[in-house]
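Here's the letter readout for the chains.
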Amino acid sequence: MALPSLTTSQRSIRMVESVKERALRWSQAQAATAHRKPVDAPFKRLIDVWFAGIAWAIAHGIRPVDKCTGDKFVSVGPTNQDVRYQQSRTDFLTLIAIHEFGHEDARAQDPSAIIDLANRYAEAGIEPLLAQLDAARELSVPALYKVADIFMDKYAAAVEGHQRTY
């Protein structure tokens, strides 16, 4: 089974407006603050916060919302105005769809269904992720370090007991 291309035509990436405003505080690429440093805003683009929301939902066993209510904030696709997305991330989204729908379900090969599922997972996961990030805010610790600590703690908990020595 070949993995489908998610960028052969435009696909809308969505986020609830109130969550988007909170997520922008963690993103470097904004019109008003285009030159923020990673240490202050650890995510390069808003779509990276969106993707982290998906990862957060998956890692914490949070089910996707039934219907995405967010507004489009960017598109992935073939035109120059669309966000270019790393192939590994699009492959990951496809693998999530295969896990969710099953490998024989046509939705696992349908780019629209895959992006819809990703939007629904992001909507479910981004709020708890931002709550965790906001709770970790300390004036003396740079935002990048907080994000790294949160994700490294989750990673360490996930691999605990699964490490092997050869």
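Scroll up to find the structure.
Each value, and the rule that gives it
- Residues numbered from 1 in each chain as written.
- Predicted model: local features only at pLDDT ≥ 70, side-chain atom pairs only at ≥ 80, totals over all residues.
- Heavy atoms only, no water.
- Helix = DSSP H or I, 4+ residues; strand = E, 2+ residues; numbered from the N terminus.
- Expected span 1.5 Å × (residues − 1).
- Buried < 20%, exposed > 50% of the residue type's maximum accessible area, 1.4 Å probe, protein only.
- Core = buried A, V, L, I, M, F, W, Y, C linked by side-chain atoms within 4.5 Å.
- Contact = heavy atoms within 4.5 Å.

Draft legend 1. Structural detail: helix α2 (residues 46-59). Compared with the 20 Å implied by 1.5 Å per residue over 14 residues, the 20 Å span of α2 between its first and last C-alpha is a close match. Of all 14 residues making up α2, 11 are buried, and the element is well covered by its neighbours. For α2, the full list of buried residues reads L46, I47, D48, V49, W50, F51, A52, G53, I54, W56 and A57. G61, located one to two residues past α2, shows a positive phi value of around 70°.

Draft legend 2. Representation of the nonpolar core. Grouped together as the largest cluster of nonpolar side chains are 40 residues, with contacts concentrated most on I47, W50 and L93. At the level of secondary structure, the elements contributing two or more residues to this core comprise β1 (11-15), α1 (17-24), α2, β2 (71-76), α3 (87-101), α4 (111-135) and α5 (143-159). When residues of this core are assigned to their parent elements, the largest contribution, 11 residues, is made by α4. Setting aside its immediate chain neighbours within four residues, W50 contacts I13, R14, M15, F73, Y85, L93, A118, N119, A122 and I126.

Draft legend 3. Representation of the side chain of S75 in the model. Along the chain, S75 turns up in strand β2. Among the residues examined, S75 registers a relative accessible area of 6% and is labelled buried. Once you skip the residues sitting within four places of it in the chain, S75 turns out to touch Q10, R11, S12, D82 and V83.

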